[in-house]
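Commentary on secondary and tertiary structure
Here is how the chains run, residue by residue.
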Amino acid sequence: MSGVINRASFGKSLWPIVNAWFGKDYKERSPQYVDLFETYQSRKAFEEDMTVSGMGMAAELNEGDGISYDSMSQGFLTRYEMLTYALGFIVTRNAFEDDQADIVAPERARSLAKSMRVCKETKAAAVYNNAFDSNFVGGDAVELCSAAHPNKAGGVYANEPSTAADLSESSLEQALIDISKFKDDRSLQVDITGQKLILPVELQYEAHRILTSPFRVGTSDNDVNALKSMGALSGGVAVNHYLTDADAWFIKTDTPGMKYWERRALEFGMDNDFDTENAKFKATERYAFGWSDPRAIYGSPGA
């Protein structure tokens, strides 16, 4: 029996070799999805967010009149489905016996880790890549960045410019002004600030020129750069290599609403197949990306 156990368990001898290599490529570039979303832990098959429509503005009370009463109501429902992502590879016993495992297995482990990382980054960036596409809607039945997000209490609001604009000093200033004028579902002013500029790689140099010079860029005047001197975008700039539109840019605000739910963190495991004597290695994780409150983001698709 011991001979059978040893033969069927040969993959366990591979485990230290493969496990040591898994993840080495996973950290070749710092995770970028963390700049796009807030992270939350989940213990369910799905998570649901429900917005709330608050009370309206207080009314003047004339002498002798009765008080007007208001109420609160449920808003829009957003569901996050926890999907599982997985991939694996197999090492045959012959490869192990012929002393090829220490060559093949580490390379496959690195590739597996990279596949899992690219999958997650792609899923995360897809929320932004589809931000202006009406085929991808949220709880309010509108795309992420829209000029017609509905309020549950009536009316609409925008989290994109009235005219699509390329990234520039003036468009960035206007975006921050628009964000500062965001209102809640009952049209009451709220304190929301633009925090982080999110860009594709193509716009990183333009953003650097706009934000780091003490003076206005591209003018013959000696005007101060208001964006820099006023400390706008305190969260800095996040360049994302998985954004596909070279013209689109976004500002993440200090309002929670862009959410990454982690149901099960990345796991790397192995097992042996008794009949084939193959060693199997796999990586799995379970998560969801999405958005609950459009006020958490402001975006322009570019002119």
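Residues numbered from 1 in each chain as written. Predicted model: local features only at pLDDT ≥ 70, side-chain atom pairs only at ≥ 80, totals over all residues. Heavy atoms only, no water.

What follows is about the overall build of the chain. Each helix and strand in the chain was counted, giving seven helices and twelve strands. The C-alpha atoms of the chain give 26 Å as radius of gyration, which overshoots the globular expectation for 303 residues (19 Å, by more than 25%). Its C-alpha atoms give the chain principal-axis dimensions of about 95 × 60 × 30 Å. A burial count over the chain gives 41% of its 303 residues as buried. Contacts in the chain between residues far apart in sequence, at least 24 positions, make up 77% of those at least 6 positions apart. Of the accessible surface of the chain, which amounts to about 16,500 Å², a share of 51% is contributed by carbon and sulfur atoms. A distance of 8 Å separates the average location of the 31 positive side-chain charges in the chain from that of its 44 negative side-chain charges. (Helix = DSSP H or I, 4+ residues; strand = E, 2+ residues; numbered from the N terminus. Rg over C-alpha atoms; globule rule 2.2 N^0.38 Å. Buried < 20%, exposed > 50% of the residue type's maximum accessible area, 1.4 Å probe, protein only. Contact = heavy atoms within 4.5 Å. Areas by Shrake-Rupley, 256 points an atom, 1.4 Å probe, with all protein chains shown as cover. Lys, Arg positive; Asp, Glu negative; His and termini not counted. Charge placed at Lys NZ, Arg CZ, Asp CG, Glu CD.)

In the structure shown here, the tally under the stated rule is 14 aromatic pairs. An angle of 70° between the planes, with centres 5.9 Å apart, marks the rings of Tyr 33 and Phe 289 as edge-to-face. Taken together, the residues span a long stretch of sequence, with Tyr 33 in the loop between helix H2 (10-21) and strand E1 (38-41) and Phe 289 in strand E11 (residues 279-291) at a distance of 256 residues. Taken together, the ring pairs connect Tyr 33, Phe 37, Tyr 85, Tyr 128, Phe 132, Phe 250, Tyr 260, Tyr 287 and Phe 289 into an aromatic cluster. The ring of Tyr 157 has Arg 295 lying over it, and the distance from NZ or CZ to the ring centre is 4.1 Å. (Phe/Tyr/Trp six-rings, centres within 6.5 Å; stacked < 30°, edge-to-face > 60°. Lys NZ or Arg CZ within 6 Å of the ring centre and 35° of its normal.)

A cluster of nonpolar side chains, Val 52, Met 55 and Met 72, forms an exposed patch at the surface whose accessible area comes to about 310 Å². Along the chain, the position of Met 55 falls in the loop between strand E2 (46-53) and strand E3 (73-81). (Patch = residues over 30% accessible without salt bridge, like charges linked within 9 Å, V, L, I, M, F, W, Y side chains within 5 Å. Salt bridge = Lys/Arg side-chain N within 4 Å of Asp/Glu carboxyl O.)

On to the sheet that holds E1, then. Pairing in this open sheet of four strands is mixed, and the strands run E1-E10-E11-E4 from one edge to the other. Bordering the open sheet on either side are E1 and strand E4 (83-91), each of which pairs with just one other strand. The mean angle between the axes of side-by-side strands here comes to 30°, regardless of whether they run parallel or antiparallel. Of the pairings in the sheet, the one linking E1 to strand E10 (residues 258-272) comprises four bridges and is parallel in character. What sits directly across from Glu 38, in E10, is Lys 259. (Pairing = 2+ DSSP bridges. Axes fitted to C-alpha atoms, helices over the stretch in contact; angles between N-to-C directions.)

Moving on, we come to the environment of Leu 203. With respect to the helices and strands, Leu 203 occurs in the loop between strand E7 (194-200) and helix H6 (204-212). Considered as a pair, Leu 203 and Trp 249 are 46 residues apart in the sequence and their alpha carbons are 8.2 Å apart. Discounting residues that sit within four places of it in the chain, Leu 203 has contacts with Leu 167, Ala 246, Asp 247, Ala 248 and Trp 249.

For helix H5 (residues 169-180), which comprises twelve residues, the first-to-last C-alpha distance of 17 Å matches the rise-based estimate of 16 Å (1.5 Å per residue) to within 8%. Those residues of H5 lying buried are Glu 169, Ser 171, Leu 172, Ala 175, Leu 176 and Ile 179. Looking at the buried positions of H5, the neighbouring elements they touch are E7, H6, helix H7 (226-229), strand E9 (249-253) and strand E12 (297-300). (Expected span 1.5 Å × (residues − 1).)

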